[in-house]
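Descriptive analysis of the structure
Here are the chains, one letter per residue:
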Amino acid sequence: MLNFLWAAFFIVAFCAAVLQTVQGNAEIWTSLTDSLFASSKTAFSLALNLTGILCLWMGLLKIAEKSGLTELMAKGLRPLFRRIFPGVPGESPALGSMIMNMAANFLGLDNAATPMGLKAMEQLQELNPKKDTASDAEILFMVINSSAVTLVPITILMYRAELGASSPGAVFIPILFATSASTLVGFLSVALVQKLNIFNRVVMAYLLGFTAVILGAALFFVSLPEARRLHWSAVCSNGLLFGIVVIFIVSGLLKKLNVYETFIEGAKEGFGVAIGIIPYLVAMLVGIAVFRASGALDYVVEALASFFAACGFDTGFVPALPTALLKPLSGSGARAMMIETMTTYGADSFPAFVACIVQGSTETTFYVLAVYFGAVKVTKTRSALPCALLADFAGICAAVYCAYCFY
């Protein structure tokens, strides 16, 4: 799948550039060449910037692992994980790493979630008999990550506040519903492909419990005054993040570990992971960059706008489509499109409202896929990409629907 998709980025970009040349835009070739080299440099810089974060969290995770903290955390979710990850033994340290990764995603702590996720993928890869092919457990874990529920979309709320939205937190509940829909569809699609038995009392009890937690947290933040909501979202998230660091270290001390030496041991592993993902990031980001620079994305948006208009749909959401189309491809590109939409139409406009919900509805699928599978050198991703893209589609559709309901 990735083989054909990556090649398609370049072939479609070339065809789009030829079309633009025929229309009189000969400078398109310069733009394509510039994007080719600029994106490869960006990919390397991104991996370089990620190195410090990976070293930090891999070191802390090593402390948590050796102190038995990850095993303790895994016990609480073991009944659920035994059913949705049947190929992962109950005593595997991967369970604890996956739990911490999902918790970090839930809280919107991206810098913590990625290293935890990479650690989990390494541990899952140790159980994988076919090292170049994604296992069932790796596929489900990747899809959940690419569509992860984020309780507190701090970055989006901050951008809305900075650009003058009268009610920055108005997108909070719509984003929560949209990202929940994305995660649910992603999980169910993988469960269907892998024929997991999810309709039993244990799985349903956990799903209902998670739903109650999400709704409870949402009601708490909604109950706060508008002026204090963003402040307390940041305080809670950052406080929990630093609290996790302290808990890891204290746990190691209580187990009489040399926490400094243990941290260094894990940090060295983080450096190796960061170096290993560079080729995969370069390949994916270069392909996406030329696709965007060629104008192919603009043609897709125009075609969709014409299609929706011909079908008689309201086209008020169409200006937000660039954010939706870029979201699976490029996190920074989608963020830029969201900001551009708010700047062009106004932070309180309907297109801006839709773009913000879309931005928070799902993760950057191709980035997650490239980083996670690249870290363990998996080249055959099987059903991971189709299921993740289906989750993206569900999240974007839910985002548009929620925008019409809440605006």
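Refer to the structure presented above.
Here's a quick rundown of the structure. Bear in mind the structure is a predicted one, so any value in this text is a computation, not a measurement.

**Regarding the overall build of the protein chain**
Along the protein chain, the regular secondary structure elements total 18 helices and 0 strands. Over its C-alpha atoms the protein chain spans a radius of gyration of 21 Å, differing by no more than 12% from the 22 Å that the globule rule assigns to 407 residues. Along the first, second and third principal axes, the C-alpha set of the protein chain runs to 70 × 45 × 40 Å. When burial is assessed residue by residue, the protein chain has 51% of its 407 residues classed as buried. Side chains of the protein chain give 24 positive and 23 negative charges; the mean places of these two sets differ by 11 Å.

**Some thoughts on the environment of I144**
Checked against the element boundaries, I144 lands in helix 6 (residues 136-146). For the pair I144 and C387, spaced 243 residues apart in sequence, the C-alpha separation works out to 9.8 Å.

**Concerning the nonpolar core**
Formed by 65 residues in total, the largest nonpolar core has its most connected members in F81 and F85. Counting residues per element, this core draws most heavily on helix 17 (residues 365-375), at 8 residues. Dropping the residues within four chain positions of it, F85 is found in contact with M98, M102, A137, L140 and F141.

**A look at the pattern of salt bridges**
Using the criterion set out here, one finds 3 salt bridges in the structure. In this structure, E265 engages K66 in a salt bridge whose closest nitrogen and oxygen atoms are separated by 2.9 Å. Separated by 199 residues along the polypeptide, E265 in helix 11 (residues 259-276) and K66 in helix 2 (residues 28-66) bring together distant segments of the chain. The class of E265 is partly exposed, set by a relative accessible area of 34%. Of the charged contacts in the structure, one is a salt bridge between D132 and K380, with a shortest N-O distance of 3.6 Å. Of this pair, D132 sits in the loop between helix 5 (110-126) and helix 6 while K380 is found in the loop between helix 17 and helix 18 (384-406), placing the two residues 248 residues apart along the sequence. Among the residues examined, D132 registers a relative accessible area of 33% and is labelled partly exposed.

**So, the state of the cysteines**
Considering all chains together, one arrives at 0 disulfides under this definition. As a non-bridged cysteine, C402 has C405 as the owner of its nearest cysteine sulfur, 6.0 Å distant. What makes C402 buried here is its relative accessible area of 9%.

**Quick look at helix 17**
Burial of helix 17 is extensive: 10 of the 11 residues sit out of reach of the surface. Inspection of helix 17 places T365, F366, V368, L369, A370, V371, Y372, F373, G374 and A375 among the buried residues, and these make up the whole buried set.

**Here we look at the packing of aromatic side chains**
Taken as a whole and assessed by the stated rule, the structure comprises 9 aromatic pairs. Measuring from centroid to centroid gives 6.1 Å for F308 and F313, while their planes differ by 75 degrees, and the two rings are edge-to-face. An aromatic cluster of at least three residues, connected via ring pairs, comprises F307, F308, F313 and F317.

**Quick word on helix 6**
Among the 11 residues that make up helix 6, 10 are buried, leaving the element largely enclosed by the rest of the structure. When helix 6 is considered as a whole, its buried residues turn out to be A137, E138, I139, L140, F141, M142, V143, I144, N145 and S146.

**Structural notes on the environment of Q123**
Tracing the sequence through the fold places Q123 in helix 5. A relative accessible area of 6% places Q123 in the buried class. Here the alpha-carbon distance between Q123 and S92, two residues 31 residues apart in the chain, equals 8.0 Å. Once you skip the residues sitting within four places of it in the chain, Q123 turns out to touch E65, P93, A94 and S97.

Each value, and the rule that gives it
Residues numbered from 1 in each chain as written. Predicted model: local features only at pLDDT ≥ 70, side-chain atom pairs only at ≥ 80, totals over all residues. Heavy atoms only, no water. Helix = DSSP H or I, 4+ residues; strand = E, 2+ residues; numbered from the N terminus. Rg over C-alpha atoms; globule rule 2.2 N^0.38 Å. Buried < 20%, exposed > 50% of the residue type's maximum accessible area, 1.4 Å probe, protein only. Lys, Arg positive; Asp, Glu negative; His and termini not counted. Charge placed at Lys NZ, Arg CZ, Asp CG, Glu CD. Core = buried A, V, L, I, M, F, W, Y, C linked by side-chain atoms within 4.5 Å. Contact = heavy atoms within 4.5 Å. Salt bridge = Lys/Arg side-chain N within 4 Å of Asp/Glu carboxyl O. Disulfide = S-S within 2.5 Å. Phe/Tyr/Trp six-rings, centres within 6.5 Å; stacked < 30°, edge-to-face > 60°.

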